[in-house]
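Coordinate inspection notes
Below are the chains, spelled out letter by letter.
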Amino acid sequence: MAKLASNNRQEVEKSKTLSKPRIFFGLLFIFLSALLTISFASYLMNWKANQSQAGAMLDQEIKSSNLFGKLGDWLGKIFIFDSIGIAAFIVAFLFLVLGFQILKKPYFKLWKTLSHSLFFICWLPIFMGAIIKGDGTLSGVFGNEIQDYLASIIGNFGLWVTLIVAIALYFILEFNLRPSSIQAKYDAIKDKFSTEEYDADEDFEADKELQNLNNNEKVDFENLQVTSEVEIPKNDTFETIKTPNQTSFDNTKPVVETLQPVVSTPVNIPVEKDLEQVGFSFQKEEIPSKPKEDIAFSIEEQKEDLDDFDKKAKELVDKHGVYDHKLDLANFQMPKIDLLKEYGNEEIAINKDELEENKNKIVGLLKNFNVGIAEIKATIGPTVTLYEIVPEAGIRVAAIKKLQDDIALNLSALGIRIIAPMPGKGTIGIEVPRKNPSMVSMRSVIASPKFQNSDMDLPVVFGKTISNEVFVADLAKMPHLLMAGATGQGKSVGINAILTSLLYKKHPSELKFVMVDPKKVELSLYSKIERHYLAKLPDGEDAIITDTHKVINTLNSLCIEMDTRYDLLKNAFCKNLKEYNKKFTERKLNPENGHRYMPYIVLVVDEFADLIMTAGKEVELPIARLAQLARAVGIHLIVATQRPSVNVITGMIKANFPARAAFRVISSVDSRTILDSPGADQLIGKGDMLYFNGNEILRLQCAFVDTPEVEKIAEFIGEQKGYSTAFMLPEYSGEDATSTVAAFDPNEKDQLFEEAARIIVSTQQGSTSMLQRQLKLGYNRAGRIMDQLEAAGIVGGFNGAKAREVQISDLNALENFLEELRK
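Analysis parameters
Residues numbered from 1 in each chain as written. Predicted model: local features only at pLDDT ≥ 70, side-chain atom pairs only at ≥ 80, totals over all residues. Heavy atoms only, no water. Helix = DSSP H or I, 4+ residues; strand = E, 2+ residues; numbered from the N terminus. Contact = heavy atoms within 4.5 Å. Pairing = 2+ DSSP bridges. Axes fitted to C-alpha atoms, helices over the stretch in contact; angles between N-to-C directions. Salt bridge = Lys/Arg side-chain N within 4 Å of Asp/Glu carboxyl O. Buried < 20%, exposed > 50% of the residue type's maximum accessible area, 1.4 Å probe, protein only. Patch = residues over 30% accessible without salt bridge, like charges linked within 9 Å, V, L, I, M, F, W, Y side chains within 5 Å. Areas by Shrake-Rupley, 256 points an atom, 1.4 Å probe, with all protein chains shown as cover.

This part is about the side chain of S441. As for its position among the elements, S441 is in the loop between β6 (428-433) and α14 (442-446). Among all residues touching S441, those that are not within four sequence positions of it are K341, Y343, E346, A703 and F704.

This is the structure:
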């Protein structure tokens, strides 16, 4: 029993201890509650000044009057002004309740408190909005908008009736104020008072009888037994054990005893000792312990379990090092910054007179339309200046957005664009073109630390943002780019900027370009780097593709290359090209099985509309297939067009090009086609562009790279040692192409002809890449064997991206066929 009581006390004490994470998070929530409460109270004391400072978190010149500085201003703006008004204090209270709950101090019932808080968070802002009518911040935007909406539907009287009924129902349901329950509580109180009166009468009668008993001086005690009572705790209750002691009294001597009422109180004392004093004896039961056994115990280190293939790969790496894909062009030098032209000082000159004039015009115009402004600030970019305004409370965003044409007329400027609201800032932006824009040269962005220190797979530097920051994106993560813009608005310069970025960052062994130029003059400058960076068909004369028929063959050849790469990735158990190349450089993939280091391939199409007009579906289908599947195997597309109409940029193409760059277009319809939103028709041209990455639209000034600069870069690369030929794509023959397979000559057949025929027939798959892997051959020899199989009639003709049809059904028929060929 003693051991049981001791264990119970230890478990209670253990349950009261808290772990360090619980203490930390509990105190953290209590601190956040105090932080929010003080920030909210300080914000309400001077909310107009704090509201104007909330958007300038990083501006050190602006001082805050909030006790917690700009953080307090920001919290007050988010929770009070922009949200629920003074009901924000309930949020701080919920943080306090959660903190106590984590610390196991349940002063409040969590779920009940949460339900009450949610009711008042919804009811209180609307109630305050009905009182102040939008004058002030006690109701927040939520309360002001909801009460305005309800008042417009049910009127002010109906609104007040709704609010009063809601709070009345709350108290009725919470405190159970129904008539029946009130009557029941009244009856219970009445019964309680009557019961207490009856108990008082009984106590009086008992005291009277006890007094009469004490007045009797002589009491006869015969055969009296004395009992001693000891209270023993047992499972948190107390039992009374009576132990009789046979005591004899001399009847000759009268014994006078006065009975006194005794109140028994439990005392926490050693039980065994007390019971032994009154005659009890205890015998402790010993629990036999199990005999110890001598068990042999040893610690064995578990070494890394490598299979034979991994061991061999590790041995090769230790002996030869990792595979160096740059070894063929080990002395290749990347282009130097000096090849790009320096256009002098590109720092932005601040014209305070222009800023002040535009500010006064914007404020004056909005005031004429009864749109009040609490704050306005300007951010100067290379081409445009962004004016961010904070409207007064109660001003609708739509009221400012529809004044775009009026603001453009008042400022006498083109390219006015209103961003309402600005993402993540809580302000409304008005973009106004500068009178004297600054040039963004390619040299300045290439030399920037953001580009030089970039670790992206395919870094592309577009130019500078509206806040004069260099903008770099990863083409491998886009993963395809769709560009559009009217003639002369900077689209071709944008393509050159993208290509220049990649040439400055990637080695020829890591990147190949497939260039399609229907205009025949835009991309011809890059023909000098054919043996370094360009890819083409085996029978192609020029690496820059200008003929529409060759474009179709090239696109289908890229589809074959894509399928081949997917087969290699499947055999290597890799998900993307980066993982595959890493395995190959670590010598975990055997080149004899067809594996090779695979560079990124970027397809550049300068004028997509011309291809759609001349080839139509023959171009659209392979483009769509590449856009859907090619990203994982390192094939990426850059498609540009002058005419972004729906018959050129179809839904199938748009769905697979999440990244889009729009230069100035003619109409808002074209802007919606390329960006799914207006804005590109409001650009000012000369490299002014909008970039959409699938989440938000950014306004950029594209970097300018002139034709002589591109020529210098191409000449610098072309003069260096290159590969023997351009990167060869898989051969493709169109359906209307004449067959180039000669008549079969048994005397000239390959030594592996029969073995290849057995593989093809047994698998029923006429694939050249499969022959490469099964027979460990190069592509050229495997292609010749496939041509001989076609000439012999074992497989059918070329079928584009699909495998060839096998003409012989089983191995028995094949053996009979081969026997006839040997005769």
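Sheet strands pair via backbone hydrogen bonds, and the direction of the pair is either parallel or antiparallel. Overall, antiparallel pairing links the four strands, which are arranged β3-β4-β6-β5 in an open sheet. Two strands close off the open sheet at either side, each with one partner strand: β3 (373-380) and β5 (417-419). If you compare each strand with its neighbour and ignore which way they point, the axes differ by 20° on average. Relative to β6, β5 is paired through three bridges, and the arrangement is antiparallel.

We now examine the pattern of salt bridges. Throughout the structure, instances matching the rule amount to 28 salt bridges. With a shortest N-O distance of 3.0 Å, E530 and K536 are connected by a salt bridge. For K536, a relative accessible area of 9% gives the class buried. For R596, the salt bridge identified is with E561, shortest N-O distance 3.0 Å. Taken together, the positions of R596 in the loop between α19 (577-585) and β13 (600-605) and E561 in helix α18 (residues 548-572) put the pair 35 residues apart, joining distant regions of the chain. According to the relative accessible area criterion, E561 is buried, its value standing at 3%. Each member of the salt-bridge network shares a partner with another, and the members are R417, E431, D688 and R699.

Before going further, it helps to examine a nonpolar patch on the surface. Judged by side-chain polarity, F157, V161, V165, L169, I172 and L173 come together as a nonpolar surface patch covering roughly 610 Å² of accessible area. Along the chain, V165 falls in helix α7 (residues 140-175).

We now examine unusual backbone geometry. Where the residue is not glycine, phi is negative for most of them; where a peptide bond is considered, it is trans in most cases. Cis geometry is found at the peptide bond from A420 to P421, where omega equals -10°. You can see P421 is positioned in the loop between β5 and β6. Cis geometry is found at the peptide bond from M478 to P479, where omega equals -10°. Its place among the elements puts P479 in the loop between β8 (470-474) and β9 (481-484). Of note in this structure, K520 is not a glycine but carries a positive phi near 70°.

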